[in-house]
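# Topology and contacts: notes
The chain contents come next:
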Amino acid sequence: MSYKEVYKQSIESPETFWANVAEDVQWYKKWDKVLDDSNKPFYRWFAGGEMNSCYNALDYHVENGRADQLALVYDSPVTDSIKRFTYRELLDEVARFAGVLAGQGVEKGDRVILYMPMVPEAVIAMLACARIGAVHSVVFGGFAANELATRIDDAKPKAIVSASCGIEVTRVISYKPLLDKAIELAAYKPEKCIILQRPQLEATMVEGRDFGWAELMEKAEPADCVSLAATDPLYILYTSGTTGVPKGVVRDNGGHLVALKWSMKYIYGVEPGDVYWAASDVGWVVGHSYIVYAPLFHGCTTILYEGKPVGTPDPGAFWRVISDHGVNVLFTAPTAFRAIKREDPKGEYVGKYDLSKFRALFLAGERCDPDTLHWAEDQLKVSVIDHWWQTETGWPIGANFAGLEMFPVKPGSASLPVPGYNVQVLDEDHNEVSAGQIGAIVIKLPLPPGCLPTLWNNDEGYQNSYLRAFPGYYITADAGYKDTDGYLWIMSRTDDIINVAGHRLSTGAMEEVLAAHPDVAECAVIGVNDELKGEVPLGTVVLNAGVERDKDEIVKEVIKMVREKIGPVASFKIATVVKRLPKTRSGKILRGTMKKIADGVEYKMPATIDDPVILDEIAEDLAALGYPHK
Ligand code: COA
Ligand code: AMP
């Protein structure tokens, strides 16, 4: 079938389409209804169906001829180690850790927070939760204690699984004090913590609450898969919203399994047995979907890489991994390629490795700038595909289709809507705009399987954030357009989210931190263009009247506060004190105009501006920081 036929069927007869796709995965009991729309706008896929995600990821393959095939390869240049797990070996570990969790009283429906570096135990813990029906919530290691505490309070985990440390290139980052601090800050107290002691650093344990991973594993009995409803939650993944309170995106079991397995074949063009590498982190949605679940659902070998694109040890790191493990398809963020290109512009490291098995590169997390796309194409001589998705959807919304039909790549575009997603571009009056016109990108309900059914314990927040502004549609919060060929061009966010090195961050959350400084009267954080990270945050603060302290000291303090409250991942390193902030007459801060000034983009004087002179002052302050860059 052609893409056009597949897409048409998925939109016009979604139940027939997805029922066929769902035949490709293993069910304990088939669904009663493919799409349950009895409680709109909450849609449920495969209602009445029963299955287990861990069974589909591991047991099924062990029982069907893949027991001795590699399931997981852990490649860690930062610890100079490589560890390989066959499907049988990974299943053994997972079943035993599932037994550990059960032994600690974790039951179906309980939440387990994982605060882990990129080690196999992170994957093992995720799958172990799935095995016994516990709901995992992985928190990225670059978040600070305060962010972890917020997630503990929202998810109320029975247990937390963590490690003594992470390793950032050469720096050993102690995780345990952050975990202890988070538990101290949180109102809700988890009963048990399971700590993986890494040889690089030993964590101090809290008697009666903390238990060692290795000791518990030694004594554990393996636990079997439990039968779960397709609509039962598999995980919660918190993502930045427009305030300091993150949104708990819920993923259910059945729809996720069906959609992810389909995507491996038709989007990524991957067959069972292939080697698939998502160079991301298990703390992000890319890590959940394409390091852990999808490659294993599909019987592939997945790579877990504890390293960076550069510096571990050089810009040839990615090519070394591709060559050593025979990677067929790589998925990463454009920022990783910008980092490599910056250190090895002529691609001299590429030629040192055997990339003969490598077929395609997929990029997402931010729009891939055409320069980076061309550089990757020229160096690697494989298809380079920019594709677009979000934590909320869990799998791509816009892509090219390596396993279905490849369309010409248009640099800067995320290509075509993925089957299942009825993507439309609407104006403020909710009418579809014509080709080439920018508007709000929305998806007509129902969303396909795999996308969030709601936010954790927050149906109201789900509707407010995603559904209310355009009734009948899911709001992506991205703006852009479709061209005359139907290609999607994702140009900007319509909210305060910025993308820093492919990491999604809320400037609103950073503003909340700055505003808490005792000398700050008001503030604005904007995302400014950055050659490496795409965007980085820049803070502007207005001081309270009468504050006479050294401004540089205050700037240092607010930078430190963001690092301590949100985490190093925010990359908040630039701030300045300004006299006043530009506002509309109704008092709205003109962040968009400030960003244009910082980026050196032409702007129209906003008609509603209160005092245009303030923009000149801001331009001077930004110029003193070196913006716009020449
Ligand atoms: N634990 C603790 N700290 C972490 C961390 C973790 N898991 N991950 C990142 N950090 C820290 C970094 O050490 C850095 O700290 P610093 O300010 O003290 O130097 C800070 O958080 C910012 O990290 P990052 O944005 O990753 O910047 P970087 O300079 O270390 O690396 C890149 C830049 C481009 C090489 C890196 O972002 C990268 O490899 N990106 C790849 C794509 C990716 O993972 N995308 C995710 C979604 S697909
Ligand atoms: P996250 O939830 O962290 O995956 O971030 C999702 C957001 O990243 C999207 O809403 C977009 O703003 C942006 N994004 C991700 N992939 C792309 C892409 N290929 N092109 C443009 N923007 C993207």
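As shown above, the structure is provided for reference.
A brief look at the structure comes next. Everything quoted here is computed from the prediction, not taken from an experiment.

What follows concerns the pairing of strand β4 (residues 70-76). When you tally the buried positions in β4, you get 6 out of 7 residues, the bulk of the element. Here β4 pairs with strand β5 (residues 81-86) via 6 bridges, running antiparallel. Paired with L72 across the strands is F85, a residue of β5. As paired elements, β4 and strand β17 (residues 301-305) share 4 bridges and run parallel to each other. Pairing of V73 across the sheet is with I303, part of β17.

With that settled, consider the packing of aromatic side chains. Each aromatic ring pair is specified by the distance between its two centres and by the angle formed by the two planes. Throughout the structure, instances matching the rule amount to 41 aromatic pairs. With a centroid separation of 6.0 Å and 85° between ring planes, the pair formed by F140 and F143 is classed as edge-to-face. When the centroid spacing of 5.3 Å and the interplanar angle of 20° are considered together, the rings of Y466 and Y474 count as stacked. As far as the burial class goes, Y466 and Y474 line up, both buried. Three or more aromatic residues link up through ring pairs in this structure, and these residues are F17, W18, W27, W31, W45, F46, W262, Y266, W395 and Y421. Sitting over the ring of F143, R151 keeps its end group 4.6 Å from the ring centre.

Judged by nonpolar contacts, the single largest core of 122 residues is most densely connected at F97, L127, Y290 and W395. Looking at this core element by element, the count peaks at 10 residues for helix α5 (residues 120-132). If you look at the next biggest cluster of nonpolar residues, it comprises 68 residues, including L148, V558, A575 and V578.

Our focus in this paragraph is the sheet that holds strand β23 (residues 423-426). An order of β23-β24-β25-β26 is seen for the 4 strands of this open sheet, with the pairing classed as antiparallel. The two strands at the open ends of the sheet, each matched to only one other strand, are β23 and β26 (488-493). Taking the axes of each pair of neighbouring strands and ignoring which way they run, one obtains an average angle of 50° across the sheet. As paired strands, β23 and strand β24 (residues 439-444) are joined by 4 bridges and run antiparallel to one another. Following the sheet pairing, L426 is matched in β24 by A440.

Here the focus is the side chain of Q463. Position of Q463 among the secondary structure elements: in helix α14 (residues 459-467). When near neighbours in sequence (up to four residues on either side) are disregarded, Q463 contacts P41, F42 and R468.

Within the secondary structure, L70 is located in strand β4. A C-alpha to C-alpha distance of 5.6 Å links L70 and T301, two positions 231 residues apart in sequence. The residues contacting L70, other than those within four sequence positions of it, are R84, F85, T86, Y87, C300 and T301.

With that settled, consider the packing of helix α2 (residues 14-22) against helix α9 (residues 253-266). Between α2 and α9, whose axes approach to 9 Å, the crossing angle comes to 80°. When the interaxial angle is binned, α2 and α9 end up roughly perpendicular. Here F17, W18, V21 and A22 of α2 come into contact with α9, specifically with V258, A259 and W262. Of the residues belonging to the contact of α2 with α9, the class tally is 7 nonpolar, no polar and no charged.

Below, the discussion takes up the environment of G269. On the secondary structure map, G269 appears in the loop between α9 and β16 (275-278). Considered as a pair, G269 and R359 are 90 residues apart in the sequence and their alpha carbons are 9.2 Å apart. In this structure, G269 is in contact with M264, D274, R359, A402 and G403, ignoring residues within four places of it in sequence.

It is worth spelling out the site of ligand 1 at this point. The environment of ligand 1 is formed by 23 residues, the closest being E168, R171, P309, R563 and K573. Contact between ligand 1 and G142: a nitrogen atom at 3.5 Å from a main-chain N or O atom of the residue. Protein burial of ligand 1: of its 930 Å² of free accessible surface, 85% is covered by the chains. Here the shell around ligand 1 is built from residues that sort into 10 nonpolar, 7 polar and 6 charged. No fewer than three residues from each of domain 1 (3-307 + 387-480) and domain 2 (501-624) sit in the shell around ligand 1.

Reading the values: the criteria
- By convention here, each chain's residues receive numbers from 1 onward along its written sequence.
- Chains carry letters and ligands carry numbers; both start at the beginning, A for chains and 1 for ligands, and go up in the order they are written.
- Note on the predicted model: pLDDT of at least 70 is required for a residue's local features to be given, and 80 or more for side-chain atom pairs to be given and counted; whole-chain, interface and lining totals, by contrast, use all residues.
- Side-chain numbers come from the whole structure's heavy atoms, not from hydrogens or water.
- Here's how the labels work: a residue is buried when its accessible area is under 20% of the maximum for its type, exposed when over 50%, partly exposed in between, all with a 1.4 Å probe on protein chains only.
- Helix and strand assignments follow DSSP, with helices taken as H or I runs no shorter than four residues and strands as E runs no shorter than two, numbered in order from the N terminus.
- Note on pairing: two strands pair once DSSP finds at least 2 bridges between them.
- Only Phe, Tyr and Trp rings are paired, with Trp represented by its six-membered ring, and only when their centres lie within 6.5 Å; those with planes under 30 degrees apart are stacked, over 60 edge-to-face, the remainder tilted.
- Two limits define a charge over a ring: the Lys NZ or Arg CZ must be within 6 Å of the ring centre, and within 35 degrees of the ring normal.
- In this description, a nonpolar core means a group of buried Ala, Val, Leu, Ile, Met, Phe, Trp, Tyr and Cys residues linked to one another through side-chain atoms lying within 4.5 Å.
- Under this scheme, a helix contributes an axis fitted over its contacting stretch, all axes are lines through C-alpha atoms, and angles between N-to-C directions fall in the 0 to 180 degree range.
- Contact definition: two residues touch when any of their heavy atoms are within 4.5 Å.
- Every angle not falling under 35 degrees, over 145, or within 65 to 115 is termed oblique; those three ranges are roughly parallel, roughly antiparallel and roughly perpendicular.
- Note on residue categories: nonpolar means Ala, Val, Leu, Ile, Met, Phe, Trp, Tyr, Cys or Pro, charged means Asp, Glu, Lys or Arg, and polar means any other residue, Gly included.
- Residue proximity to a molecule or strand is established when one non-hydrogen atom of the residue lies within 4 Å of it.
- Residues adjacent in sequence count toward polar contacts only when both atoms are side-chain atoms; beyond that, a polar contact is any pair of N or O atoms within 3.5 Å, and within protein one must be able to donate a hydrogen and the other to accept it.
- Accessible areas in this description were obtained via Shrake-Rupley with a 1.4 Å probe; residue shielding takes into account the shown protein chains only.
- Where each domain starts and ends comes from a domain assignment, either automatic or drawn from a database.

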